[in-house]
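# Structural overview for review
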Amino acid sequence: MPSFKAALSKPFAKYVAKRIQKWASQPAKTQQDVFDSLISEAKHTAFGKDHNFSEISSYQEFQKQVPIRDYEELKPYVERVVAGEEDVLWKGKPVYFAKTSGTTSGAKYIPITKESMPTHVEAARNAILMYIHETGHSKFVDGKMIFLQGSPILEEKHGIKLGRLSGIVAHYVPKYLQKNRLPSLETNCIDDWETKVEAIVDETINEDMSIISGIPSWVQMYFEKLIEKSGKPVGDLFKNFNLFIFGGVNYEPYRAKFENLIGRKVDSIELYPASEGFFAFQDKQNEKGMLLQLNSGIFYEFVEADQFFEDNPKRITITDVKLGVNYVMIISTTAGLWAYNIGDTVEFTSLQPYRVIVSGRIKHFISAFGEHVIGKEVEQALKEATEKTAISVNEFTVAPQINPEEGLPYHEWLIEFENEPENEAAFIDALEQSLKQQNSYYLDLIVGKVLQPLKITKITTNGFQTYMKSIGKLGGQNKIPRLSNDRKIADALHQLQLTK
């Protein structure tokens, strides 16, 4: 017999689904309303004055006044906010800074305002409600739920709290879910990831877990420790576990491994959250892609990835995007980010409504020889190869080998196998064929004898975890780049192999 809470969730899910349908069915108007509101609300800020917001009445004028910026280019404004100044990027002060690891200049401070914070919480809630509305499943709300996340302990800087996004969001779990939520606050505050996972295992192993959420690579570590301690598949341990919620990386390379660890298939919901905004979530179980959040105080622009590094790349809005094109996503938000490049590339899988997949990072690609191979392509190649050879992979990354000891240059795949392929040559061939089919530049370089076929380096068990620990990024929201245009990660992994 479902509880009152489970029964009540269905009409509420229906109500939310209707509201989502309303804005999703009129995307141009929804985005125009967001754009107009953003410009109006921010015209008296320092940024608004510097960029003549009071004179902007169209997207074309906005383009002329506001260039695309990344964090480094927006940093002078952010530093003023961090120093305690008001009305800089957005009215007043932010309520939080989401602190993230910067690639070039240490920590990044991403503002979260009283207007932007609710959109993070609402999108996560709506993802679950849309699942309930579509499937009719709601019993899981009575079970225990775990969200593998960063510490909720927040620092304070000039009256603004700061911490990891997942730690900030932990303070917004609705009251009706609080008693179902694990781990305990004490365990959630443990900084060391390995210690934290051990404590989470101890707290959850005898509980009725129904929802488990987190980045797949770190949930995998939790599952493996559960099995090690109990001797049972996760699905036997948690008989009512039927929903896995994930974000941050593509689940497909992990799916076979997870089904093996769980012992059965479970439904999953993909999310696309970031410190800069909650951009999309999976709204249908059998549709590819995630519903782009057009009504969450975020105005979207897109630039074709192939043109992004040109002097004046063409910027377009949602109305001009096409299916199957790799776009850099640019955002302007109620947190005071303006024409901001978050670094992600996306591809549209549907235009009615607008759904996207994350295809990679604009800085994460291999084009050492002009091939421009992206994350989505290597993930798809691995998916096809593992399906053909019935093997599973724990983790992987790809790098160019420009100066091999002998022969032509090649792409090196560094893979930590769960079970190795019986026929390695067939596995390599499956990877190679998929890549050549997806990327004509790569095909031309192989045919033209500029590159030789890819090679595999086997990484020892837990090799990637050891690498992440060595650079201080074990656990939390940290993840291995799928590919790099240099050998920094590849060489570090080789070095760790040698020291074993």
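Read on for an overview of the structure.

Rules of the game
- Residues numbered from 1 in each chain as written.
- Predicted model: local features only at pLDDT ≥ 70, side-chain atom pairs only at ≥ 80, totals over all residues.
- Heavy atoms only, no water.
- Salt bridge = Lys/Arg side-chain N within 4 Å of Asp/Glu carboxyl O.
- Helix = DSSP H or I, 4+ residues; strand = E, 2+ residues; numbered from the N terminus.
- Buried < 20%, exposed > 50% of the residue type's maximum accessible area, 1.4 Å probe, protein only.
- Patch = residues over 30% accessible without salt bridge, like charges linked within 9 Å, V, L, I, M, F, W, Y side chains within 5 Å.
- Areas by Shrake-Rupley, 256 points an atom, 1.4 Å probe, with all protein chains shown as cover.
- Lys, Arg positive; Asp, Glu negative; His and termini not counted.
- Charge placed at Lys NZ, Arg CZ, Asp CG, Glu CD.
- Phe/Tyr/Trp six-rings, centres within 6.5 Å; stacked < 30°, edge-to-face > 60°.
- Axes fitted to C-alpha atoms, helices over the stretch in contact; angles between N-to-C directions.
- Parallel < 35°, antiparallel > 145°, perpendicular 65-115°, else oblique.
- Left-handed = near helix turned anticlockwise from the far one by under 90°.
- Contact = heavy atoms within 4.5 Å.
- Nonpolar A, V, L, I, M, F, W, Y, C, P; charged D, E, K, R; others polar.
- Pairing = 2+ DSSP bridges.
- Polar contact = N/O pair within 3.5 Å; in protein donor to acceptor, adjacent residues only side chain to side chain.

### As for the pattern of salt bridges
- Tallying each qualifying case throughout the model produces 21 salt bridges.
- Among the ionic pairs, K91 bridges to E115, the shortest N-O distance being 3.9 Å. With a gap of 24 residues between them, K91 in the loop between α5 (71–82) and β1 (96–101) and E115 in the loop between β2 (107–112) and α6 (117–135) connect regions that are remote in the sequence.
- Exposure remark for K91: the relative accessible area of 32% places this residue in the partly exposed category.
- Notably, a salt bridge pairs K229 with D202, separated by 2.3 Å at the nearest N-O pair. A residue pair is termed long-range when its members are at least 10 positions apart, and K229 in helix α11 (residues 216–230) and D202 in helix α10 (residues 193–204) qualify at 27 residues.
- Accessibility expressed as a relative area gives 44% for D202, which makes it partly exposed.

### Describing a negative patch on the surface
- Residues E304, D306, E310 and D311 make up a contiguous surface patch of negative charge.
- According to the relative accessible area criterion, D311 is exposed, its value standing at 77%.

### A word on the packing of aromatic side chains
- By the definition in use, this model includes 27 aromatic pairs.
- Seen in terms of ring centroids, F47 and W338 are 5.9 Å apart; in terms of plane orientation they differ by 15°. Their pairing is stacked. Placement of the pair is F47 in helix α3 (residues 46–50) and W338 in the loop between β13 (327–333) and β14 (340–351), with a sequence separation of 291 residues. Just as F47 is buried, W338 falls in that class too.
- Measuring from centroid to centroid gives 5.6 Å for F417 and F427, while their planes differ by 65°, and the two rings are edge-to-face. Taken together, the residues span a long stretch of sequence, with F417 in strand β19 (residues 410–419) and F427 in helix α15 (residues 424–438) at a distance of 10 residues.

### Section: the packing of helix α14 (residues 375–389) against α15
- Orientation of α14 relative to α15, taken along the N-to-C sense of each, is 140°, at an axis distance of 8 Å. Regarding the angle of α14 to α15, the classification is oblique. Judged by the twist between their axes, the crossing of α14 over α15 is right-handed. Of the residues in α15, those in contact with K376, E377, V378, Q380, A381, L382, E384, A385, T386, K388 and T389 of α14 are F427, A430, L431, S434, L435 and Q438.
- Broken down by class, the residue content of the contact of α14 with α15 amounts to 8 nonpolar, 5 polar and 4 charged.

### Thoughts on the sheet that holds β13
- An order of β6-β3-β7-β8-β9-β10-β11-β15-β14-β13-β12 is seen for the 11 strands of this open sheet, with the pairing classed as mixed. Each edge of the open sheet carries a strand with a single partner, namely β6 (181–182) and β12 (298–304).
- With 5 bridges joining them, strand β8 (residues 243–247) and strand β9 (residues 267–274) adopt parallel strand pairing. Bridge pairing in β9 places F246 opposite E270.

### Things to note about the environment of K43
- Looking at the element boundaries, K43 is found in the loop between α2 (27–42) and α3.
- Given the relative accessible area of 32%, K43 is considered partly exposed.
- Distance in space between the C-alpha atoms of K43 and S54 is 5.6 Å, their sequence separation being 11 residues.
- Residues contacting K43, with those up to four places away along its chain left out, are G48, K49, F53 and S54.

### Describing the side chain of T30
- Within the secondary structure, T30 sits in helix α2.
- A residue is classified by how much of its surface remains accessible, and T30, at 7% relative accessible area, is buried.
- A polar contact of 2.9 Å, which involves the side chain of T30, links it to the backbone oxygen of Q26.
- What T30 contacts, discounting residues up to four positions off in sequence, is W23, L294 and N295.

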